[in-house]
Amino acid sequence: MCGIVAYIGQREAYPILIKGLQRLEYRGYDSAGVALLNGGMHIYKRQGKVSDLIAYTEGKDKTGQVGIGHTRWATHGQPNHINAHPHCSGNGHLNLVHNGIIENYSLLKKALEKLGHTFESETDTEVLVHLIEELQSRDSLTLEEAVRVALSRVIGAYAIVVIDEREPGKLVAARKGSPLVLGIGDDEFLVASDATPIIEHTKRVVYLNDEEIAVLSKDGYMQIKTIGNEVQTPYIQELTLEIERLEKGGYDHFMLKEIHEQTTTIADCMRGRLNATEGWIRLGGVEEFQNRFMKAERMIIIGCGTSWHAGLVAEYLFEDLARIPVEVEYASEFRYRNPIIRESDVIIALSQSGETADTLAAIELAREKGALVYGVVNVVGSSISRLTDAGSYIHAGPEIGVASTKAFTGQVTLLTMMALQLAHSRGTISESYYQRLLTELENIPHKVARVLECEPQIQYIAQEIQDSHNALYLGRGFNFPVALEGALKLKEISYIHAEGYPAAEMKHGPIALIDENMPVIVTATNRNAYDKIVSNIQEVKARKGKVIAIVSEGEKAISEMADYTIEIPETEDPLAPLLSVIPLQLLSYYIAVGRGCNVDQPRNLAKSVTVE
Ligand code: G6P
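Structure report, in brief. Sequence order as written defines residue numbering, which begins from 1 separately in each chain. Reporting of local features is limited, given that this is a predicted model, to residues whose pLDDT is at least 70; pairs of side-chain atoms are given and counted only at 80 or more, and all residues count toward the totals for whole chains, interfaces and linings. Excluded from the side-chain calculation are hydrogens and water; included are all heavy atoms of the structure.

## As for the side chain of D194
Applicable threshold: Only DSSP runs of H or I covering at least 4 residues are called helices, and only runs of E covering at least 2 are called strands; the numbering of each starts at the N terminus. Type-normalised accessible area, obtained with a 1.4 Å probe on protein chains alone, sets the label of each residue: buried when under 20%, exposed when over 50%, and partly exposed for intermediate values. Charged residues are defined narrowly, with Lys and Arg counted positive, Asp and Glu counted negative, and His plus the chain ends left uncounted. The working definition used for a salt bridge is a side-chain nitrogen of Lys or Arg within 4 Å of a carboxyl oxygen of Asp or Glu. The criterion used for residue contact is that any of the two residues' heavy atoms lie within 4.5 Å.
If you trace the backbone, D194 turns up in the loop between β10 (189-192) and β11 (204-207). For the buried D194, no salt bridge exists, and the shortest N-O distance to an oppositely charged side chain is 4.4 Å, to R27. In contact with D194, not counting residues within four places along its chain, are L24, Y26, R27 and V181.

Set out below in structure tokens:
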């Protein structure tokens, strides 16, 4: 949440900051702003998107080789110009951008007000910049020292970058709980919330650790210290990300591109880890902790949003195939409900971004209790990937559309491999079934390509139902989490109210809502309980509901009842979510486009939720 970018070097900062902010816009788009140092300080901020900021700065002085920028997802205070970052100190010398939440800001604010400080905005960030100013003037501290002392008084999460017009050749950056990456170029540095604004300038990066402060100078000097004032040796890493993966590649939206990429991202997730001909699956992290996994009495899967839905699919997989009891928890509930965690538990943390604040906090809790924590993450080098005991990347590449698509199928692919590897080691499935699932899983990317062929048909159905006010998604077994995910996709990007339900549970409530205006999207590819789902569809039709059914190729009974039928290739039940979710992603996409919604940046949402 909120994106930060900063530059110091020999080039003009403004274009670098703006391009960086556009790359980070998925993190928030309530307002955007920059501060540039060039003799004095130029500050430009605007409510709305980065494009509004660009229009606003037209014809204004944007020179300067040092600058900071911010794109905001509002937490404290409305998304207006005044609350937009950067925030300025009372004396006008300092400017600061911040991602995170300063929890004790109101106490600090009162103390500063007593000392004569006045505040323009409602933000916690403005309090922090005034605190730094106060420490500088009261104790004659340098910028770096004042930042260090101020942060030792702050409770909460932050990633910040500060500039001071009296020390114009310097950027000071720090983090705790919110991510920050330093890019090291030739005689220049960049700082950003993730590597995407950095990649086109340099591939050499340092991921700042919690409670570290970096001082970056125009002359190429870099020093990293802890808040406790200990000098640290930076660990410089080489990024492997390719710039093309951050572009739309001819598609109208990132979301559509990412839906189509699933033919390759699922294959990338399996590459080097599965060989059906030779009959093996190998996830390095699972092998390394084989003992703990074999002895696991229980697995607890934690995540938020779409990642939580992938966790629900995994519950079916681990219990069905590996016979390990599983609980799936929203990270936000888990961390605050005094959960019972035993050393014999394995915790699996699911996160696309690797930065979700609630998931991070839940991981810390589980580690304190001695459980093994395994991360399944997309973003390489992210906080979760560094905090967990072991883990596997899903290798889906950057996911930029706010509504998650390819990360979901990446997570499900990875968790399917994990369940199969464990099932095989634990001897809980027959050799022939194991082999059949391996062969089928390896073949899934080809089947995904065939599912995508139904795009024109889905486009048509989307037009037919795009004016609905509500929608119901139903599924059974492995397809129940898919129904939840389908409903979430529709809500997120088209603002149509939608609910996902287990098909049989419908008669305990949602059936009351069904009439001829209610589209009911039923994912009915199941071989198991097929007859039951046929009956559920009959129940909907009896109430004149409009049924859109997703069935396996050649299916007859449901196709005859449904108003619209989308046929997808047949597969084994445990692998069904990898195919059946794709028509639902496309359906939401085309409904949102038809309603004129901003698909990649839906209102009020952000891709990376770094506040609790
Ligand atoms: C936000 C995003 C969702 C995502 C969720 C969890 O709400 O908009 O798409 O599923 O966060 O994010 P994570 O990065 O932890 O998977």
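Alright, that's what it looks like, and here's the rest.
## Description of helix α15 (residues 431-452)
Filter applied, for reference: Expected helix span is given by 1.5 Å per residue-to-residue step, counting one fewer step than there are residues. Axes are fitted to the seven residues ending at a residue and to the seven starting at it; the angle between these axes is taken as the bend at that residue.
The terminal C-alpha atoms of α15 lie 32 Å apart, and with 22 residues this matches the ideal 32 Å at 1.5 Å per residue to within 8%. Bending of α15 peaks at approximately 45 degrees at the position of I444, with proline P445 no more than four residues after it. All of the buried residues in α15 are Y433, Y434, L437, L438, E440, L441, I444, P445, K447, V448, V451 and L452.

## Details of the site of the ligand
The condition that has to hold: Any residue with a non-hydrogen atom lying within 4 Å of a molecule or strand is treated as near it. Think of a polar contact as two N or O atoms within 3.5 Å of one another; within protein, one of them needs to be a possible hydrogen donor and the other a possible acceptor, and neighboring residues in sequence only count if both atoms come from side chains. Residue classes follow a fixed rule: Ala, Val, Leu, Ile, Met, Phe, Trp, Tyr, Cys and Pro count as nonpolar, while Asp, Glu, Lys and Arg count as charged, and any other residue, Gly among them, counts as polar.
Taken together, 14 residues lie near the ligand, and S307, S351, Q352, S353 and T356 sit nearest. Within the backbone of T306, a nitrogen or oxygen atom sits 3.0 Å from an oxygen atom of the ligand. For the ligand, an oxygen atom lies 2.7 Å from a polar atom in the backbone of Q352. With three residues, the single largest contributor to the shell around the ligand is helix α10 (residues 305-322). In the shell around the ligand, the residues fall into four nonpolar, eight polar and two charged.

## Looking at the packing of aromatic side chains
Short version of the rule: For Phe, Tyr and Trp, rings pair up if their centres lie within 6.5 Å, where Trp contributes its six-membered ring, and each pair is then called stacked (planes under 30 degrees apart), edge-to-face (over 60) or tilted (otherwise). For a ring to carry a charge above it, either NZ of a lysine or CZ of an arginine must fall within 6 Å of the ring centroid while also lying within 35 degrees of the normal to the ring plane.
In total, this model carries five aromatic pairs according to the counting rule given. With a centroid separation of 5.5 Å and 80 degrees between ring planes, the pair formed by F293 and Y374 is classed as edge-to-face. Taken together, the residues F293 in helix α9 (residues 290-295) and Y374 in strand β21 (residues 372-377) connect sequence positions 81 residues apart. Classification of Y374 by relative accessible area gives buried; the value is 0%. Ring geometry for Y316 versus F478: centroids 5.6 Å apart, planes at 45 degrees, classification tilted. A residue pair is termed long-range when its members are at least 10 positions apart, and Y316 in helix α10 and F478 in the loop between β23 (470-475) and α17 (480-494) qualify at 162 residues. For the cation-ring pair, K49 lies above Y29, with the distance from its terminal atom to the ring centre recorded as 5.1 Å. The ring of Y495 has R603 lying over it, and the distance from NZ or CZ to the ring centre is 3.8 Å.

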